[in-house]
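# Architecture at a glance
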Amino acid sequence: PDPPPQLEMNHKSKMFSVSREYETDINTLFFTALDFTTRPRWQAGIKATDEVSHKLPQVGTHHRCVLDKGEINMITSSYSYSAEKIVYSETERKKQHAGYFLFEKLGENKTRVTFDFHLKNNFAMVTMFRLFMKKKYQNLMQQSLENLAEMVREKPVSVET
């Protein structure tokens, strides 16, 4: 059989990381955050998600994020699960950037999410991002994590643990 396609970026630089703790269990938070239908409700800057290839966020699933200005085509590039830690990543289809979500169980109803944003390891792109876009994107993602907390309090995605 053919080897599986390489979905993750090989050479990347971490641009920023944001974290937040939530008063909910790890599975509920994971499924609430990564449900493609609810992304626009919590992720700042996303107006809609569509063209979803599969309902569940599994490696190889692709979707389109409609933004205020343009669109981004993403593919689920990695996923690992344990009862204590879930790691999930999405990579832009042309492999220019990627986002990594780390869900860590801190207690029965306490979970921390850390989001890391990576860019393709290209000197010009990394320099321009650090100078002109890093603070904006970091603030957007921090706001997104706050929005997610509100969504989890209001109506989390139902999940059997």
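Scope of this entry: the structure provided in the associated data block.

About the thresholds
Residues numbered from 1 in each chain as written. Predicted model: local features only at pLDDT ≥ 70, side-chain atom pairs only at ≥ 80, totals over all residues. Heavy atoms only, no water. Pairing = 2+ DSSP bridges. Helix = DSSP H or I, 4+ residues; strand = E, 2+ residues; numbered from the N terminus. Axes fitted to C-alpha atoms, helices over the stretch in contact; angles between N-to-C directions. Core = buried A, V, L, I, M, F, W, Y, C linked by side-chain atoms within 4.5 Å. Buried < 20%, exposed > 50% of the residue type's maximum accessible area, 1.4 Å probe, protein only. Contact = heavy atoms within 4.5 Å. Polar contact = N/O pair within 3.5 Å; in protein donor to acceptor, adjacent residues only side chain to side chain. Parallel < 35°, antiparallel > 145°, perpendicular 65-115°, else oblique. Left-handed = near helix turned anticlockwise from the far one by under 90°. Nonpolar A, V, L, I, M, F, W, Y, C, P; charged D, E, K, R; others polar.

## Things to note about the sheet that holds strand S1 (residues 12-22)
Across the sheet, which stays open at both edges, the 7 strands sit in the order S1-S7-S6-S5-S4-S3-S2 with antiparallel pairing between neighbours. With one partner strand each, in any of the chains shown, S1 and strand S2 (46-50) form the two edges of the open sheet. Mean inter-strand twist for the sheet, computed between neighbouring axes without regard to direction, equals 25°. Here strand S6 (residues 97-107) runs beside strand S7 (residues 110-120); their pairing, made up of 10 bridges, is antiparallel.

## Notes on the nonpolar core
Within the largest apolar cluster, 27 residues are counted, with the highest numbers of intra-cluster contacts made by Phe16, Phe101, Phe103 and Met141. Of all the secondary-structure elements, those providing two or more residues to this core are S1, helix H1 (26-34), strand S5 (85-92), S6, S7 and helix H3 (123-154). Top contributing element to this core by residue count: H3, with 8 residues.

## So, the environment of Ser17
In this fold, Ser17 is placed in strand S1. Not counting residues within four places of it along the chain, the set of residues in contact with Ser17 comprises Thr114, Phe115, Asp116 and Gln138. There is a polar contact of 2.5 Å between the side chain of Ser17 and the side chain of Asp116.

## A closer look at the packing of H1 against H3
Between two packed helices, the angle of one axis relative to the other and the distance separating the axes together describe the packing. Running from amino to carboxyl end, H1 crosses H3 at an angle of 115°, the nearest separation of the two axes being 11 Å. Classified by the angle between their axes, H1 and H3 sit roughly perpendicular to one another. As for the relative orientation of H1 and H3, their crossing is right-handed in sense. Residues Leu29, Thr32 and Ala33 of H1 pack against Leu148, Met151 and Val152 of H3. Here the residues of the contact of H1 with H3 are counted per class, giving 5 nonpolar, 1 polar and no charged.

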